[in-house]
Amino acid sequence: MNDIIRFLELEDPAITIEDISTEGRVKTVTLSTPPEIRFCPRCSFRMHSRGIRIRRVNHPILQDTYQLVLLLKQRRWRCTNGQCRYEENESFNFISKHRRNTNAADFLIVNEFRDLTKSAADIARKFNTSDTYAINVFEGNQSFLGSLFIRV
């Protein structure tokens, strides 16, 4: 299974694949991390798990004929100290907080803008984002533009 994780270019070594399913043109991969002991970053008390939240994330790699969806099983943690009660969710290295696409999507969106025949709406549709987001990613990554475009 580690070969599949390397193939998907997921940057988290603790991930395990629980299930792979295909329905039509959508491949779904369920990922989780093994349980571990956590301590509160504020008061150093032990934290306990409040259950698992399943998060649906689009992964833009392998979208030739299939759409790849990752189901991330994230644990929610709460501090056992009655005065602290700090809460946090488990995080994964390959996706930013509150995002529905993996971090690879930003680079691929910028790369798609090389084709001058495609509009921002076409690119956004390909990566399951809004056209505003695609334009903001393109404008925000202007440092990549010099290396991506061929200079004549």
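Please read these numbers as outputs of a predicted model, since none were measured by experiment. (Residues numbered from 1 in each chain as written. Predicted model: local features only at pLDDT ≥ 70, side-chain atom pairs only at ≥ 80, totals over all residues. Heavy atoms only, no water.)

Draft legend 1. Molecular detail of the overall build of the protein chain. Across its full length, the protein chain holds 5 helices and 5 strands. Secondary structure of the protein chain in N-to-C order comes out as α-β-β-β-β-β-α-α-α-α. A fraction of 54% describes how many contacts in the protein chain between residues 6 or more apart in sequence connect residues 24 or more apart. When the accessible area of the protein chain is evaluated, it comes to approximately 9800 Å², of which 50% is carbon and sulfur surface. (Helix = DSSP H or I, 4+ residues; strand = E, 2+ residues; numbered from the N terminus. Contact = heavy atoms within 4.5 Å. Areas by Shrake-Rupley, 256 points an atom, 1.4 Å probe, with all protein chains shown as cover.)

Draft legend 2. View of the pairing of strand β4 (residues 67-79). Pairing analysis gives 7 bridges linking strand β2 (residues 26-32) to β4, with the strands arranged parallel. In the sheet register, Thr 30 faces β4, and the bridge partner there is Leu 71. The pairing of strand β3 (residues 47-59) with β4 spans 11 bridges and is antiparallel. Across the sheet, residue Arg 53 finds its bridge partner in β4, namely Gln 74. When β4 meets strand β5 (residues 87-89), the two strands line up antiparallel, connected through 3 bridges. Looking across to β5, one finds that Trp 77 is bridged to Glu 88. (Pairing = 2+ DSSP bridges.)

Draft legend 3. Examining the packing of aromatic side chains more closely. Counted by the stated rule, this structure contains 2 aromatic pairs. Here the aromatic rings of Phe 92 and Phe 94 are separated by 5.8 Å at their centres, their planes lie at 45°, and the arrangement is tilted. For Phe 94, a relative accessible area of 3% translates into the label buried. When the centroid spacing of 4.4 Å and the interplanar angle of 35° are considered together, the rings of Phe 113 and Phe 138 count as tilted. Remark: Phe 138 occurs in helix α4 (residues 131-140) and Phe 113 occurs in the loop between α2 (104-112) and α3 (120-126); sequence separation between them is 25 residues. (Phe/Tyr/Trp six-rings, centres within 6.5 Å; stacked < 30°, edge-to-face > 60°. Buried < 20%, exposed > 50% of the residue type's maximum accessible area, 1.4 Å probe, protein only.)

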